[in-house]
Amino acid sequence: MKTGKYYVLITFALLAIFSSCKKAELVKFSGKAQGTTYSISYYEKSGINYQTEIDSLLSSFDRTASIYDSMSIIEKINHNIDVEINDDFRNIFNTSIRISAETDGAFDITVGPLVNAFGFGAKKGESIDSALIDSLRQFVGYKMVSIKGNKLLKQKPGIIIDFNAIAQGYSVDMVSKFLESKGIDRYLVEIGGEVYAKGKKDEGKYWMVGIEKPIDNNTDRVLKAKAKLENKALATSGNYRKFYIKNGIRYSHTIDPKTGYPVKHSMLSASVFAGNCNDADAYATSFMVMGLEKAKIFLSKHSELEAYLIYSDEKGNIKTYETDGLKDIVEETEE
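So, how was this worked out
Residues numbered from 1 in each chain as written. Predicted model: local features only at pLDDT ≥ 70, side-chain atom pairs only at ≥ 80, totals over all residues. Heavy atoms only, no water. Helix = DSSP H or I, 4+ residues; strand = E, 2+ residues; numbered from the N terminus. Buried < 20%, exposed > 50% of the residue type's maximum accessible area, 1.4 Å probe, protein only. Contact = heavy atoms within 4.5 Å. Areas by Shrake-Rupley, 256 points an atom, 1.4 Å probe, with all protein chains shown as cover. Pairing = 2+ DSSP bridges. Axes fitted to C-alpha atoms, helices over the stretch in contact; angles between N-to-C directions. Salt bridge = Lys/Arg side-chain N within 4 Å of Asp/Glu carboxyl O. Core = buried A, V, L, I, M, F, W, Y, C linked by side-chain atoms within 4.5 Å. Polar contact = N/O pair within 3.5 Å; in protein donor to acceptor, adjacent residues only side chain to side chain. Phe/Tyr/Trp six-rings, centres within 6.5 Å; stacked < 30°, edge-to-face > 60°.

Caption draft 1: Spatial organisation of the overall build of the protein chain. The helix and strand inventory of the protein chain stands at nine helices and 15 strands. In the protein chain, buried positions account for 47% of the 335 residues. Sequence separation of at least 24 residues holds for 59% of the intrachain contacts in the protein chain that already meet a minimum separation of 6. Accessible surface for the protein chain amounts to roughly 17300 Å². Of this, 51% is attributable to carbon and sulfur atoms.

Right under this line is the structure:
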């Protein structure tokens, strides 16, 4: 009996050693969520595919933050239906209000009425004139919303909340936390172009992520640069895809909450590197509202952020600006 016991113990010890030495498998899959696509890669010793669980997670999140789901929490709030918020709603809201305060209102989740008016929301656009914009601006202002207990309070019934400028970043972080809960510490999560990378690939290689060249209506996506990511998020906001031209006027989807109109400046896209994708997503939108010079001033005061900004000069040539911390991280591709 004694010999048998030792044999069993040795067998278990050897199995534990072999298990710990087993090389992790690279698992990759993609799908659709939030009106866009996603792709996920991670290293897992047993090669378990968590796509079903992640699809369920993202679908559940839509019932919190999607303005295209009439039964979501955010849509019930927008239609003044009594509803309790959940932790995800509270977290997105609190982050949004913090970044709104930091950016002096450049980021504002109450911009919904204006987004809808210009046709970039869930509703069809309206015939735009200054009287309409002035009437809608009374419902825009992040200081007019707050949370008390499990309820969101609006100072005016006409206020419409829109999380679209931060929701994808939040969902990237949500999926990242899910993977880490499964003991996965090397992964790349991408949803709608917003990304978070943890650890490195095999042989110590970085996860590589592309930054698009901003070209209007370009169906063949061309890279302007590529970035090495490790334990970092990257989110990009730009005006070169979501826009329309009406009566000879170009309307971009980035709305300035203060003027009530789509922004008109030289910034074409803003790519922000941050500790989490939630923040990166919101700051990228903020910089698109601010414009190049204000964004550069903001970045000089926030060393926790890095950014790669693409803009056009007075002759229409594409130029770039990058913060000092990106010198060894971002590499521009050949023209």
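The discussion continues.
Caption draft 2: Up close: the sheet that holds strand β8 (residues 223-229). Spatially, the three strands line up as an open sheet ordered β7-β8-β15, and their pairing is antiparallel. The open sheet is flanked by β7 (207-212) and β15 (330-332), the only strands paired with a single partner. Ignoring strand direction, the axes of neighbouring strands in this sheet form an average angle of 25 degrees. Bridge count between β7 and β8: six bridges; the pairing is antiparallel. Bridged to Glu-212 within β8 is Leu-223.

Caption draft 3: Main features of the pattern of salt bridges. Following the criterion strictly, the structure yields 11 salt bridges and no others. The residue Asp-82 makes a salt bridge to Lys-151 at a minimum N-O spacing of 2.7 Å. Placement of the pair is Asp-82 in the loop between α3 (73-78) and α4 (87-102) and Lys-151 in strand β4 (residues 151-154), with a sequence separation of 69 residues. Among the residues examined, Asp-82 registers a relative accessible area of 65% and is labelled exposed. Owing to a relative accessible area of 26%, Lys-151 belongs among the partly exposed residues under this scheme. The salt bridge involving Lys-205 is made with Glu-203; its shortest N-O contact spans 3.8 Å.

Caption draft 4: Spotlight on the nonpolar core. Counting 67 residues, the largest nonpolar core has Phe-163 and Phe-287 as its most contacted members. Per-element accounting of this core gives the leading share, nine residues, to helix α8 (residues 277-290). Of all hydrophobic cores here, the second largest spans 17 residues; its members include Trp-207, Phe-273, Ile-310 and Val-330.

Caption draft 5: Geometry of the sheet that holds strand β13 (residues 306-312). Reading across the sheet, the eight strands line up as β1-β2-β5-β6-β9-β12-β13-β14 and stay open at both edges, with antiparallel pairing between neighbours. Unpaired on one side and paired on the other, β1 (25-33) and β14 (318-322) mark the two borders of the sheet. Taken pair by pair, the neighbouring strands of this sheet meet at an average axis angle of 10 degrees, ignoring direction. As paired elements, β1 and strand β2 (residues 36-44) share nine bridges and run antiparallel to each other. Among the inter-strand pairings, Lys-32 is bridged to a residue of β2, identified as Thr-37. Here helix α2 (residues 51-65) sits on the sheet and contacts β1, β2 and β5 (187-191); the angle it forms with β1, its principal contact strand, is near 35 degrees. Its contacts with the sheet put α8 on β6 (194-198), β9 (232-238), β12 (267-274) and β13, and the angle it makes with β12 is roughly 155 degrees.

Caption draft 6: Quick look at the side chain of Ser-100. Its place among the elements puts Ser-100 in helix α4. What makes Ser-100 buried here is its relative accessible area of 0%. A distance of 2.5 Å separates the side chain of Ser-100 from the backbone oxygen of Phe-107, its partner in a polar contact. Other than its neighbours up to four places away in sequence, Ser-100 contacts Gly-105, Phe-107, Asp-108 and Tyr-142.

Caption draft 7: Here's a closer look at the packing of aromatic side chains. Summed over the entire model, instances satisfying the criterion amount to 12 aromatic pairs. Look at Phe-29 and Tyr-42: their rings are 6.1 Å apart centre to centre, the planes differ by 80 degrees, and that puts the pair in the edge-to-face class. Here Phe-29, found in strand β1, pairs with Tyr-42, found in strand β2; they are 13 residues apart in sequence, far enough to count as distant. With relative accessibility at 8%, the residue Phe-29 sits in the buried group. Taken together, a centroid distance of 6.0 Å and an interplanar angle of 50 degrees make the contact between Tyr-43 and Trp-207 tilted. Here Trp-207 lies in strand β7 and Tyr-43 lies in strand β2, a separation of 164 residues in the sequence. Relative accessible area serves as the criterion here: at 4%, Trp-207 is assigned to the buried category. Ring pairing ties together the aromatic residues Phe-29, Tyr-38, Tyr-42, Tyr-50 and Phe-178, which thus form one cluster.

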